[in-house]
Amino acid sequence: MSRFLSKDFLSGLMFIAFGLVALYVGQKLALGTTVRMGPGYVPRMLSFILLGLGGVICVVALVTGSEAVERPKWKPITMVTIGIICFALLFERAGLLPALIVLVFIASLGGEEFKITEVIGNMVVLAILCTLVFKVGLGMNISIVRGVW
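What you are looking at is a predicted structure, and each value in this text was computed from that prediction instead of being measured.

Asks: Got a minute to help me understand the nonpolar core in this structure?
Replies: The nonpolar side chains of soluble globular proteins are, as a tendency, buried together. If you look at the biggest cluster of nonpolar residues, it comprises 6 residues: L96, L100, A127, C130, I142 and I144. If near-sequence neighbours (up to four positions away) are discounted, A127 is found in contact with L97 and L100.

Below you can see the structure in the form of C-alpha cells.
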C-alpha cells in the first residue's frame, strides 16, 4: 500500500489526470493530419505524451518504490494563494509596483523564516526586473504606479 502513496506514483497519477482532462476538453477540436495540423493536433499529442509519461512514472514507482508523501504545509500554500489573488486585484487598480510589493510581502509570510531585509531586497530586484522586461523591453501598456507612470 505504501508504494501507492509514494510521491512518484501520485505524481504519475497527476500527469495521467491532466492528460485525460486535456483529451476531454479538446475532443471536439479538429485533428487534421501531420502535414496539415488542425487546432486539436498539438493538444491531443501533448495529452498522449502526458498519459505516457504518467504511466511510465507510475510503473517505475511501483517497481522501485520512492519516498512517502508528507503532510501538506498549509501556511505556505495559503499565503502564496492569497498573495496571487491580491496581485490580481491590485494590478489594474494600483499598477504593477504596488501589486508586486503586496505579492512578495504576503507570500514571504508563508515561509519558515521571515527576514525583512531579504523581503525588501526581493521587492526591489523584482520591481526593477519586471519594469525593465514588461514596460521597457516588451513595451507593454501597463502602469507601473497608477496615475504616475
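Next comes the rest of the description.
Asks: What is the right way to read the packing of helix α1 (residues 7–25) against helix α2 (residues 41–64) from this model?
Replies: Helices that pack against each other are described as a pair by the angle of their axes relative to one another and the distance between those axes. Where α1 contacts α2, the axes come no closer than 7 Å and their chain directions differ by 160°. What the angle tells us is that α1 and α2 run roughly antiparallel. Once α1 is placed against α2, the crossing between them reads as left-handed. Taking contact as the criterion, the partners of D8, F9, S11, G12, L13, F15, I16, F18, G19, L20, A22 and L23 in α1 are, on α2, R44, S47, F48, L50, L51, L53, G54, G55, I57, C58, A61 and L62. Considering only residue class, the contact of α1 with α2 consists of 16 nonpolar, 6 polar and 2 charged.

Asks: Would you mind showing me how to read the pattern of salt bridges here?
Replies: Opposite charge on two side chains makes pairing possible when the charged atoms of those side chains draw close. In total, this model carries 1 salt bridge according to the counting rule given. In this structure, K115 engages E113 in a salt bridge whose closest nitrogen and oxygen atoms are separated by 3.9 Å. A relative accessible area of 42% places K115 in the partly exposed class. With a relative accessible area of 61%, E113 lands in the exposed category.

Asks: What's the story with a nonpolar patch on the surface in this structure? I'm lost.
Replies: Taken together, F105, L109, F114, I116, I120, V124, I128, L132, V136, V148 and W149 make up a surface patch of nonpolar side chains, about 1,000 Å² in accessible area. Per-element tally for the nonpolar patch: the top contributor is helix α5 (residues 116–137), with 6 residues. Of note, F114 is situated in the loop between α4 (96–108) and α5. Residue classification places F114 among the partly exposed residues on the basis of a relative accessible area of 36%.

Asks: Even after reading the chapter, I still don't get the side chain of K135, so can you show me in this structure?
Replies: Here K135 lies in helix α5. We note that K135 is buried and unpaired, the nearest opposite charge coming from E92 at a distance of 12 Å. Filtering out sequence-adjacent residues up to four positions away, K135 remains in contact with C130, M140, I142, I144 and W149.

Asks: For this particular structure, what's the right way to read the packing of aromatic side chains?
Replies: Here the distance between the centres and the angle between the planes together describe a pair of aromatic rings. With the rule as written, the count across this model stands at 2 aromatic pairs. Between the aromatic rings of F105 and F114, the centroid separation amounts to 5.8 Å while the plane-to-plane angle is 85°, which identifies the pairing as edge-to-face.

Calculation notes
- Residues numbered from 1 in each chain as written.
- Predicted model: local features only at pLDDT ≥ 70, side-chain atom pairs only at ≥ 80, totals over all residues.
- Heavy atoms only, no water.
- Core = buried A, V, L, I, M, F, W, Y, C linked by side-chain atoms within 4.5 Å.
- Buried < 20%, exposed > 50% of the residue type's maximum accessible area, 1.4 Å probe, protein only.
- Contact = heavy atoms within 4.5 Å.
- Axes fitted to C-alpha atoms, helices over the stretch in contact; angles between N-to-C directions.
- Helix = DSSP H or I, 4+ residues; strand = E, 2+ residues; numbered from the N terminus.
- Parallel < 35°, antiparallel > 145°, perpendicular 65-115°, else oblique.
- Left-handed = near helix turned anticlockwise from the far one by under 90°.
- Nonpolar A, V, L, I, M, F, W, Y, C, P; charged D, E, K, R; others polar.
- Salt bridge = Lys/Arg side-chain N within 4 Å of Asp/Glu carboxyl O.
- Patch = residues over 30% accessible without salt bridge, like charges linked within 9 Å, V, L, I, M, F, W, Y side chains within 5 Å.
- Areas by Shrake-Rupley, 256 points an atom, 1.4 Å probe, with all protein chains shown as cover.
- Lys, Arg positive; Asp, Glu negative; His and termini not counted.
- Phe/Tyr/Trp six-rings, centres within 6.5 Å; stacked < 30°, edge-to-face > 60°.

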